[in-house]
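Reading the structure
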Amino acid sequence: MSEVKTLSAFFKENEIVKEPVKYVASKRYVGADGEPIEWELRALTNDEIETLQKWCTKKVPVKGTREYQTVFDRERFTTEFTLKSIVFPNLDDAELQTNRGVVGAEALLKDLLTPGELADLYLAASEASDFQTGMGDKIKAVKN
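Residues numbered from 1 in each chain as written. Predicted model: local features only at pLDDT ≥ 70, side-chain atom pairs only at ≥ 80, totals over all residues. Heavy atoms only, no water.

Time to look at the nonpolar core. It is characteristic of soluble globular proteins that their nonpolar side chains tend to be buried jointly. Core analysis: the biggest nonpolar cluster contains 15 residues, and Trp39, Ile86, Leu91, Leu109, Leu113 and Leu121 have the highest contact counts within it. Broken down by secondary-structure element, the contributors of at least two residues to this core are strand E2 (39–41), helix H4 (105–112) and helix H5 (115–128). Here this core gets four residues from one element, more than from any other, and that element is H4. Grouped together as the second largest cluster of nonpolar side chains are eight residues, Leu52, Cys56, Tyr122 and Ala125 included. (Core = buried A, V, L, I, M, F, W, Y, C linked by side-chain atoms within 4.5 Å. Buried < 20%, exposed > 50% of the residue type's maximum accessible area, 1.4 Å probe, protein only. Helix = DSSP H or I, 4+ residues; strand = E, 2+ residues; numbered from the N terminus.)

Below, the structure is given as C-alpha coordinates:
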(Lines give C-alpha, C1' and ligand atoms only; values in the text may rest on other atoms or scores of the structure.)
Protein backbone atom coordinates (compact mmCIF):
# COMPACT_ATOMS: atom_id res chain seq x y z
CA MET A 1 0.00 0.00 0.00
CA SER A 2 1.58 3.28 -1.09
CA GLU A 3 1.18 6.56 0.70
CA VAL A 4 -1.04 9.08 -1.07
CA LYS A 5 0.93 12.17 -2.09
CA THR A 6 -0.66 15.37 -0.91
CA LEU A 7 0.49 18.95 -1.08
CA SER A 8 -1.30 19.82 2.16
CA ALA A 9 1.74 18.47 4.05
CA PHE A 10 3.60 21.54 2.77
CA PHE A 11 1.01 24.04 4.01
CA LYS A 12 2.38 26.57 6.50
CA GLU A 13 0.11 25.36 9.31
CA ASN A 14 1.46 21.80 8.93
CA GLU A 15 5.11 22.79 9.15
CA ILE A 16 7.01 21.60 12.20
CA VAL A 17 8.58 24.66 13.80
CA LYS A 18 12.34 24.37 14.25
CA GLU A 19 13.22 25.15 17.86
CA PRO A 20 16.47 26.91 18.84
CA VAL A 21 19.43 24.56 19.38
CA LYS A 22 21.27 24.54 22.72
CA TYR A 23 25.06 24.68 22.55
CA VAL A 24 27.82 25.12 25.15
CA ALA A 25 30.04 27.73 23.49
CA SER A 26 32.49 27.88 26.40
CA LYS A 27 33.07 25.87 29.54
CA ARG A 28 34.39 29.04 31.21
CA TYR A 29 30.90 30.38 31.95
CA VAL A 30 28.96 28.30 34.46
CA GLY A 31 25.62 28.65 36.20
CA ALA A 32 24.89 28.41 39.93
CA ASP A 33 24.85 24.60 39.58
CA GLY A 34 28.43 24.61 38.25
CA GLU A 35 27.32 23.41 34.81
CA PRO A 36 28.35 25.32 31.66
CA ILE A 37 25.77 27.81 30.41
CA GLU A 38 24.04 26.72 27.21
CA TRP A 39 23.74 29.24 24.40
CA GLU A 40 20.67 29.13 22.15
CA LEU A 41 21.09 29.24 18.38
CA ARG A 42 18.30 29.59 15.84
CA ALA A 43 18.08 28.61 12.20
CA LEU A 44 18.32 31.53 9.80
CA THR A 45 15.85 31.83 6.94
CA ASN A 46 16.87 31.72 3.30
CA ASP A 47 15.99 35.41 3.01
CA GLU A 48 18.22 36.30 5.97
CA ILE A 49 21.15 34.37 4.49
CA GLU A 50 20.62 35.94 1.08
CA THR A 51 20.58 39.42 2.64
CA LEU A 52 23.81 38.64 4.52
CA GLN A 53 25.45 37.37 1.33
CA LYS A 54 24.51 40.55 -0.54
CA TRP A 55 25.69 42.70 2.35
CA CYS A 56 29.07 40.91 2.38
CA THR A 57 29.59 41.15 -1.39
CA LYS A 58 31.23 44.26 -2.82
CA LYS A 59 32.24 45.37 -6.29
CA VAL A 60 35.77 46.76 -6.31
CA PRO A 61 37.51 48.40 -9.26
CA VAL A 62 40.27 46.46 -11.00
CA LYS A 63 43.41 48.61 -11.19
CA GLY A 64 44.27 49.84 -14.65
CA THR A 65 40.86 48.97 -16.12
CA ARG A 66 37.32 50.22 -16.05
CA GLU A 67 36.08 46.85 -14.85
CA TYR A 68 34.88 45.79 -11.43
CA GLN A 69 35.50 42.56 -9.59
CA THR A 70 33.02 40.98 -7.19
CA VAL A 71 34.60 40.22 -3.81
CA PHE A 72 32.89 38.23 -1.06
CA ASP A 73 33.99 39.07 2.51
CA ARG A 74 33.85 35.59 4.04
CA GLU A 75 35.04 36.73 7.48
CA ARG A 76 32.30 39.37 7.70
CA PHE A 77 29.70 36.82 6.54
CA THR A 78 30.84 34.27 9.14
CA THR A 79 30.66 36.86 11.92
CA GLU A 80 27.26 38.22 10.91
CA PHE A 81 25.84 34.73 10.34
CA THR A 82 26.91 33.73 13.85
CA LEU A 83 25.58 36.94 15.45
CA LYS A 84 22.17 36.59 13.77
CA SER A 85 21.92 32.96 14.90
CA ILE A 86 22.42 33.69 18.61
CA VAL A 87 19.20 33.90 20.64
CA PHE A 88 20.81 33.61 24.09
CA PRO A 89 22.79 35.30 25.52
CA ASN A 90 21.43 38.61 24.28
CA LEU A 91 24.58 40.18 22.88
CA ASP A 92 22.79 43.52 22.47
CA ASP A 93 22.29 43.82 26.25
CA ALA A 94 23.76 47.17 27.32
CA GLU A 95 24.46 46.02 30.88
CA LEU A 96 26.49 43.02 29.68
CA GLN A 97 28.41 45.16 27.18
CA THR A 98 29.16 47.76 29.86
CA ASN A 99 30.30 45.06 32.28
CA ARG A 100 32.69 43.66 29.66
CA GLY A 101 33.89 47.14 28.62
CA VAL A 102 32.83 46.79 24.98
CA VAL A 103 30.32 48.40 22.64
CA GLY A 104 28.28 46.34 20.18
CA ALA A 105 27.29 42.71 19.79
CA GLU A 106 30.29 41.79 17.63
CA ALA A 107 32.78 43.25 20.12
CA LEU A 108 31.02 41.46 22.98
CA LEU A 109 31.05 38.11 21.18
CA LYS A 110 34.77 38.42 20.46
CA ASP A 111 35.40 39.41 24.08
CA LEU A 112 33.41 36.49 25.50
CA LEU A 113 34.96 33.69 23.42
CA THR A 114 38.44 32.56 22.45
CA PRO A 115 39.19 32.30 18.71
CA GLY A 116 38.70 28.52 18.81
CA GLU A 117 35.40 28.80 20.68
CA LEU A 118 34.22 31.40 18.17
CA ALA A 119 35.10 29.14 15.21
CA ASP A 120 33.25 26.24 16.86
CA LEU A 121 30.25 28.51 17.52
CA TYR A 122 30.07 29.35 13.79
CA LEU A 123 29.98 25.62 13.00
CA ALA A 124 27.22 25.11 15.58
CA ALA A 125 25.28 28.06 14.10
CA SER A 126 25.64 26.47 10.65
CA GLU A 127 24.29 23.19 12.01
CA ALA A 128 21.37 25.05 13.61
CA SER A 129 20.48 26.19 10.07
CA ASP A 130 20.72 22.57 8.86
CA PHE A 131 24.02 22.82 6.99
CA GLN A 132 25.36 19.64 8.66
CA THR A 133 23.97 17.14 6.16
CA GLY A 134 25.71 16.83 2.80
CA MET A 135 23.76 16.15 -0.38
CA GLY A 136 25.32 12.68 -0.61
CA ASP A 137 23.63 11.71 2.66
CA LYS A 138 20.29 13.14 1.50
CA ILE A 139 20.47 11.28 -1.80
CA LYS A 140 21.27 7.99 -0.01
CA ALA A 141 18.31 8.53 2.33
CA VAL A 142 15.95 9.08 -0.60
CA LYS A 143 17.24 6.00 -2.46
CA ASN A 144 16.79 3.74 0.60
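Judged by pairing direction, the sheet is antiparallel, and its three strands sit side by side in the order E1-E2-E5 without closing on themselves. The open sheet has two edge strands, strand E1 (21–23) and strand E5 (86–88), and neither has a second partner. Ignoring which end each strand starts from, the neighbouring axes of this sheet average 40° apart. Relative to E2, E1 runs antiparallel, the two sharing three bridges. Bridged to lysine 22 within E2 is glutamate 40. The strands that helix H2 (residues 74–85) touches are E2 and E5; relative to E5, the one it contacts most, it runs at about 35°. (Pairing = 2+ DSSP bridges. Axes fitted to C-alpha atoms, helices over the stretch in contact; angles between N-to-C directions. Contact = heavy atoms within 4.5 Å.)

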